[in-house]
Amino acid sequence: MVFGRGTADDKGPVLAQLQAARGSAAVGWKFLYDGAEEVGSPGLAGLLPRLAGWLADVDAVLVCDTEATVDGRPTITCALRGQVTVELTTRGAGRPLHAGRYGGAVPNPAQALAHLVASLHRPGGRIAVRGFADDVRPVQPLGAAELDRRLAPLARPGWGEPGHRPAEQVTLWPALVVNALCAGDCGAGPWQAIPADARAKINVRLVPDQRPGVVFRQLASHLAGFALPGITVGLRRLVATRPWAASSLDGPAVRAAAGAVREVWGRPPALVRSGGTVPVVSLLARAAPGAEILLLGFTLPGDGAHAPDEHVELARLRAAADTITLLTERLAGGAP
């Protein structure tokens, strides 16, 4: 077992890819490393169009920044949610004001922010932004039973979008999540002032057919309708990533991966949809439209990605490297 940040997400799988490339001359390899995935990959959006020539002869793209099932079975991910992350700010008088001298008579940025944030959802958690789900189309859930079991300890009946199981809500349906709220002095002890400003971080997860620009404008329009007098509202887009869905699950790379997983792991991979976002995937889909994109996950949900005790089994990484080696051999030889 190896402990350390990135062992499971995602330096361990990258090492498995490098090990496979070292031992396989069956195909030509090109490596593209993204060191800013966690903040939306801002540099890649401008870089990839300039790499069109370098990517022109790429037949398949392999990304291993996904995870296996709870019981250890490798996965092939066929869809990712996109995202729009924004910072919402409210400003009042421009400086903190004494709560006793001004409280009740002047607008309060903290209360205004709470009012705006509360307006985003109806009671029960349903998203209240007009037109938000107009572009959402019904699709077939994959891997939903296992995901429902994982979500069961935390999910609550009646919360969220009516008529959708928890697994559907985190893979097939968009989500609007308040990640952070900040106003005034939140340290120990009393702070008897009206804050000068307040801010919130809001993350919107998008499903295929939703467009980040459209959703940002819908959100801005909604918030403008709930603004309070005397408060200046600002909305700044921090991250914008398109959702992605595989155009086919019968391409050569998927077939080769399925065969390689069966041979190394003794069972077929699980086909899943992910509620997460990997920005480079949608960017590569546009930069290399002729390439088949394969998302192959090996590390376990319990490996503690992003946690202080993140870890991975070396045997799992060795099996991942063997799988990728066999996958490339099958692609080169045309084996099913």
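Residues numbered from 1 in each chain as written. Predicted model: local features only at pLDDT ≥ 70, side-chain atom pairs only at ≥ 80, totals over all residues. Heavy atoms only, no water.

### Observations regarding the overall build of the protein chain
Link 1 in the chain: Helix and strand counts for the protein chain stand at 11 helices and 14 strands.
Link 2 in the chain: Taken over the C-alpha atoms alone, the protein chain extends approximately 80 × 40 × 35 Å along its principal axes.
Link 3 in the chain: Going through the 336 residues of the protein chain one by one, you find that 45% of them count as buried.
Link 4 in the chain: Of the roughly 17100 Å² of accessible surface on the protein chain, 54% is carried by carbon and sulfur atoms.
Link 5 in the chain: Averaging the locations of the 34 positively and 29 negatively charged side chains of the protein chain gives two centres separated by 7 Å. (Helix = DSSP H or I, 4+ residues; strand = E, 2+ residues; numbered from the N terminus. Buried < 20%, exposed > 50% of the residue type's maximum accessible area, 1.4 Å probe, protein only. Areas by Shrake-Rupley, 256 points an atom, 1.4 Å probe, with all protein chains shown as cover. Lys, Arg positive; Asp, Glu negative; His and termini not counted. Charge placed at Lys NZ, Arg CZ, Asp CG, Glu CD.)

### Structural notes on a nonpolar patch on the surface
Link 1 in the chain: On the surface, a nonpolar cluster with roughly 310 Å² of combined accessible area is contributed by Leu 15, Leu 18 and Tyr 33.
Link 2 in the chain: Tracing the sequence through the fold places Leu 15 in helix α1 (residues 11-22). (Patch = residues over 30% accessible without salt bridge, like charges linked within 9 Å, V, L, I, M, F, W, Y side chains within 5 Å. Salt bridge = Lys/Arg side-chain N within 4 Å of Asp/Glu carboxyl O.)

### Observations concerning helix α5 (residues 109-119)
Link 1 in the chain: Those residues of α5 that sit buried are Pro 109, Ala 112, Leu 113, Leu 116, Val 117 and Ser 119. Around the axis of α5, the buried residues are gathered within 160 degrees of arc, so they sit on the same side. Exposed residues pointing more than 90 degrees away from the buried face of α5 are listed as Gln 111 and Ala 118.
Link 2 in the chain: Buried residues belonging to α5 abut β5 (82-91), β7 (175-183), β8 (193-194), β9 (197-206), α8 (212-224) and β10 (232-241).
Link 3 in the chain: Regarding α5, its N-cap is Asn 108, as a side-chain oxygen of that residue lies 2.8 Å from the backbone nitrogen of Ala 110 further along. (Arc of directions from axis to C-beta. Contact = heavy atoms within 4.5 Å. Polar contact = N/O pair within 3.5 Å; in protein donor to acceptor, adjacent residues only side chain to side chain.)

### Comments concerning the state of the cysteines
Link 1 in the chain: For the structure shown, the criterion picks out zero disulfides.
Link 2 in the chain: Sulfur of Cys 64: no disulfide; nearest cysteine sulfur belongs to Cys 78 and is 16 Å away.
Link 3 in the chain: Accessibility expressed as a relative area gives 5% for Cys 78, which makes it buried. (Disulfide = S-S within 2.5 Å.)

### Here we look at the packing of aromatic side chains
Link 1 in the chain: Applying the stated criterion across every chain yields a total of three aromatic pairs.
Link 2 in the chain: For the pair Trp 265 and Phe 298, a centre-to-centre distance of 6.2 Å together with 20 degrees between the ring planes defines the contact as stacked. With Trp 265 in helix α9 (residues 252-265) and Phe 298 in the loop between β13 (292-297) and β14 (311-312), this pair connects stretches of sequence that are 33 residues apart.
Link 3 in the chain: Among the aromatic residues, those joined into a ring-pair cluster are Trp 29, Phe 31 and Tyr 33.
Link 4 in the chain: Just above the ring of Phe 216 sits the side chain of Arg 237; from NZ or CZ to the centre is 5.1 Å. (Phe/Tyr/Trp six-rings, centres within 6.5 Å; stacked < 30°, edge-to-face > 60°. Lys NZ or Arg CZ within 6 Å of the ring centre and 35° of its normal.)

### Some remarks on the sheet that holds β13
Link 1 in the chain: Taken in spatial order, the four strands of this open sheet run β2-β13-β3-β12, and their pairing is mixed. Of all strands in the sheet, those with a lone pairing partner are β2 (60-63) and β12 (270-272), marking the two edges. Each strand axis lies, on average, 30 degrees off the axis of its neighbour in the sheet, ignoring direction. (Pairing = 2+ DSSP bridges. Axes fitted to C-alpha atoms, helices over the stretch in contact; angles between N-to-C directions.)

### Remarks on unusual backbone geometry
Link 1 in the chain: For the bond from Asp 9 to Asp 10, the omega torsion is 15 degrees, close enough to zero to count as cis.
Link 2 in the chain: Tracing the backbone shows Asp 10 in the loop between β1 (2-3) and α1.
Link 3 in the chain: Phi at Ser 41 takes a positive value of approximately 55 degrees, unusual for a residue other than glycine.
Link 4 in the chain: Relative to the elements of secondary structure, Ser 41 occurs in the loop between α1 and α2 (42-47).
Link 5 in the chain: With a phi angle near 90 degrees, Asp 209 is a residue other than glycine that sits in the positive phi range.
Link 6 in the chain: Counting through the fold element by element, Asp 209 comes out in the loop between β9 and α8.
Link 7 in the chain: With a relative accessible area of 40%, Asp 209 lands in the partly exposed category.

### Some words on helix α6 (residues 144-151)
Link 1 in the chain: Buried residues of α6: Ala 144, Glu 146, Leu 147 and Asp 148, and no others.
Link 2 in the chain: Lining the buried residues of α6 we find α7 (166-169).

### Concerning the packing of α9 against helix α11 (residues 314-333)
Link 1 in the chain: Between α9 and α11, the shortest axis-to-axis distance is 8 Å and the interhelical angle comes to 135 degrees. As summarised for this structure, α9 and α11 are arranged oblique, according to the angle between their axes. Relative to α11, α9 is oriented so that their crossing is right-handed. Within the contact between the two elements, α9 uses Pro 252, Ala 253, Ala 256, Ala 257, Gly 259, Ala 260, Val 261, Glu 263, Val 264 and Trp 265 and α11 uses Arg 316, Ala 319, Ala 320, Asp 322, Thr 323, Leu 326, Leu 327, Arg 330 and Leu 331.
Link 2 in the chain: Looking at the contact of α9 with α11, its residues break down into 13 nonpolar, two polar and four charged. (Parallel < 35°, antiparallel > 145°, perpendicular 65-115°, else oblique. Left-handed = near helix turned anticlockwise from the far one by under 90°. Nonpolar A, V, L, I, M, F, W, Y, C, P; charged D, E, K, R; others polar.)

### Some points on the sheet that holds β7
Link 1 in the chain: With antiparallel pairing, four strands are arranged side by side in an open sheet as β7-β9-β5-β10. Looking at strand neighbours, the two that pair on one side only are β7 and β10, the edges of this open sheet. Strand-to-strand, the axes of this sheet are offset by a mean angle of 15 degrees, without reference to chain direction.
Link 2 in the chain: Helix-sheet contacts for α8 involve β5, β7, β9 and β10, and the interaxial angle to β10 is about 165 degrees.

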